[in-house]
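Architecture at a glance
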Amino acid sequence: MGKLSITKRITIWYTVFLLMITGCVMAVLIYTGNLRASEAAQEVLMESVVDASEEIGRFGGDFVVDDKLKFYDDGVYISIYDGNGVLVEGRSPQELSGTFLEFDDKEIRKQSDEAGEEWYVYDSLFEVDNQFVWVRGIVKDFADRSAFSFVLRMAGIGFPGLVLVAALGGHIITRRGFRPVRDIIGTVEDIKSDGDLSRRVSIEKEHAESRDEIHKLAVTFNEMFDKLEKSFEQEKQFTSDVSHELRTPLAVIISQSNYAMEDEEYRGKALETINREANRMASLVNRLLTLSRSDAGRLKLEKELVDMAQICNMVAEQQSIAAAEKSIVIETDIEQDIIVNGDEAMIIRIILNLMDNAVKYGREGGKIKLSLSKEGGYAVCDIEDNGIGIAPDDLERIWERFYRADASRSEEGSGLGLSIVASLVKAHGGNTQVSSNPGEGSCFKVYLPLAGN
Ligand code: ADP
């Protein structure tokens, strides 16, 4: 059974079930049919015997039987005996000729012949002109001649036919019903063999209209393929971005070291450049490591109670030097006693990355506002600048790895800062929000759950 398809299993199940039902119905029909037939045979027998008795008269001391009486009619044999049991006239079935049957008034008895066939025998004693006369009727148990036997024969042919039609029809319907499942299997196998993730399961109209389970299954599969394709594309993009990012500093390092080997005078400057590029690479590799760890869920948080006000003040202080270079003023509005249960180094990284961006993309002579407050069980850190802002199209994508809005391409940066912010915030059970107007400035909000929440 285990190796059979669902379609076959269902078909077998209801075919057996139908066969059992029709079998039961047939058995009941045969039983009641036989019962009725026997009753009918007995009725005919008794009637014939009474009818025959009316045709008997006496003439000169002997019994005479009217010519009208048929000794064999409608399957019933009639024979007439005098009071002593001597046959006057009549017919008996040949099959019972060897058997002597006692007379028994008004009792229907069963008698089997040598071939095993059943007969009904009915005797009745009458008085004709003060003389007793026996009338005996014998009839075969004619179950197979009854109208029922016709019905039974029809049922015997019709029922298996019906079961066959039901089995075939059901098989076709279930096979058709499962076609989308076979489609899905086919699509998955195709993808497995050629790796083409753009394939989709086709959804038939009837399933789309009825929105049945099959439709849901196909839609879910397609959604899964969408996701897989997207993440596969992102992965490809990521790998190509990583190699691109690493290629530039590597090329610089190689060319600078070549110069250094050839030109002794230039060596000092070359080493400086090499050192700067190597540091850039190291920082890039570190960021990538953080991201890949958080992706794999392996980012280890060294959790402790962290005073957010302290961190915000510290980061604002640290950024003030870089901000001063662009004549940017950092304002703070920091609420005290906001404690978060998290990894201090990572929380610093989150705020630092956002503040770093605010300075980087802030306007010369502009200002940055760093606020800290509580809101519904969360510590909310709000970093607002009045810099270049972000176009609506870019706004959705800035959290992606290596994504950098075009306008800022020339600025220093790898496009990893915000993706690191997003994954660190997520690891802390928090979330981020951004709003921005191009040319007016941006506002980044970080929500981190308060300790004890
Ligand atoms: P990057 O290293 O380029 O700063 P990020 O992931 O930190 O990478 O930021 C992604 C992009 O989002 C940036 O290139 C920039 O276009 C945009 N962006 C981030 N912060 C700001 C901001 N405060 N103002 C304007 N644009 C921003």
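Everything that follows concerns the structure shown earlier in this document.
1. Here we look at the overall build of the chain
Summing up its helical and strand segments, the chain has 10 helices and 15 strands in all. Relative to its length of 453 residues, the chain is extended, with a C-alpha radius of gyration of 52 Å against a globular reference of 22 Å. C-alpha extents for the chain along the principal axes are approximately 165 × 55 × 40 Å. Each of the 453 residues in the chain was classed as buried or not, and the buried ones make up 36%. If you take every contact in the chain between residues at least 6 apart in sequence, the share linking residues at least 24 apart comes to 63%. With the model as given, the accessible surface of the chain reaches about 27,300 Å², and the carbon-plus-sulfur share is 53%. Here the chain carries 51 positive and 76 negative side-chain charges, and the mean point of each set is 8 Å from the other.

2. Some words on the pairing of strand 4 (residues 76-82)
Taking burial as the measure, the 7 residues of strand 4 include 7 buried ones, the bulk of the element. Residues V76, I78, I80 and D82 of strand 4 are buried on one face, and the alternating residues Y77, S79 and Y81, pointing to the opposite face, are buried as well. As judged from the 2 bridges shared by strand 3 (residues 72-73) and strand 4, these two strands associate in the antiparallel manner. Bridge pairing links D73 to V76 in strand 4. Between strand 3 and strand 4, which pair antiparallel one after the other, the connecting turn spans 2 residues, and D74 there sits at a positive phi close to 55°. In this structure, strand 4 lies alongside strand 8 (residues 131-140), joined through 7 bridges in antiparallel fashion. Within strand 8, the position partnered with Y77 by the bridge is I138. Here strand 4 pairs with strand 5 (residues 87-90) via 3 bridges, running antiparallel. Opposite S79, over in strand 5, you have G90 as the bridge partner. Hairpin connection, strand 4 to strand 5: the antiparallel pair is bridged by 4 residues, and G85 has positive phi, about 90°.

3. Quick notes on a negative patch on the surface
A surface patch of negative charge is lined by E43, E47, D51 and E54. Note on placement: E43 falls in helix 1 (residues 6-53).

4. Looking at the nonpolar core
In this structure, M308, I351 and I383 are the most contacted members of the largest nonpolar core, which totals 53 residues. It is helix 8 (residues 344-360) that provides the largest number of residues to this core, a total of 9 residues. The residues contacting I351, other than those within four sequence positions of it, are M308, I311, V315, L370, C381 and I383.

5. Some remarks on the environment of S292
The residue S292 is located in helix 6 (residues 267-295) in this model. It is 28 Å that separates the C-alpha atoms of S292 and A391, two residues lying 99 residues apart in sequence.

6. A closer look at the state of the cysteines
One pass over the full model with this rule turns up 0 disulfides. Here C443 stays unpaired: no disulfide links it, and the sulfur of C381, its closest cysteine neighbor, is 10 Å away.

7. Observations regarding the pattern of salt bridges
Opposite charge on two side chains lets them pair, provided their charged atoms get close. By the definition in use, this model includes 13 salt bridges. A salt bridge links D105 to K106, with the nearest nitrogen and oxygen atoms 3.5 Å apart. Its relative accessible area of 35% is what places D105 among the partly exposed residues. One salt bridge in this structure joins E400 and R397, with 3.0 Å as the shortest N-O distance. Residue classification places R397 among the partly exposed positions, given a relative accessible area of 37%. Look at the salt bridges and you will find they share partners, linking R109, D123 and R136 into a network.

Definitions and cut-offs
For every chain, the first residue of the written sequence is number 1, and numbering continues from 1 onward in sequence order. In keeping with the predicted nature of the model, local features appear solely for residues at pLDDT of at least 70, side-chain atom pairs appear and are counted solely at 80 or more, and the whole-chain, interface and lining totals rest on all residues. Hydrogens and water are ignored here; the side-chain numbers use all heavy atoms of the structure. Secondary structure elements follow DSSP: runs of H or I of four or more residues count as helices, runs of E of two or more count as strands, with numbering from the N terminus. For the radius of gyration, the atoms used are the C-alpha atoms, and the globule rule reads 2.2 Å times the number of residues raised to 0.38. Each residue is placed in one exposure class: buried if its accessible area under a 1.4 Å probe, protein chains only, is under 20% of its type's maximum, exposed if it is over 50%, and partly exposed if it falls in between. It only takes one pair of heavy atoms within 4.5 Å for two residues to be counted as in contact. In this description, accessible areas are obtained by the Shrake-Rupley approach with a 1.4 Å probe, and a residue is regarded as covered only by the protein chains that are shown. Under the counting rule used here, the positive set is Lys and Arg, the negative set is Asp and Glu, and His together with the chain ends is not counted. To locate a charge, take atom NZ for lysine, CZ for arginine, CG for aspartate or CD for glutamate. Pairing between two strands is assigned when DSSP locates at least 2 bridges connecting them. By definition, no residue in a patch forms a salt bridge, and every one has over 30% relative accessible area; like charges are joined within 9 Å, nonpolar side chains (Val, Leu, Ile, Met, Phe, Trp, Tyr) within 5 Å. By definition, a salt bridge exists where a carboxyl oxygen of Asp or Glu is found within 4 Å of a side-chain nitrogen of Lys or Arg. By convention a nonpolar core is built from buried Ala, Val, Leu, Ile, Met, Phe, Trp, Tyr and Cys residues, the set being connected through side-chain atoms within 4.5 Å. In plain terms, two cysteine sulfur atoms within 2.5 Å form what is called a disulfide here.

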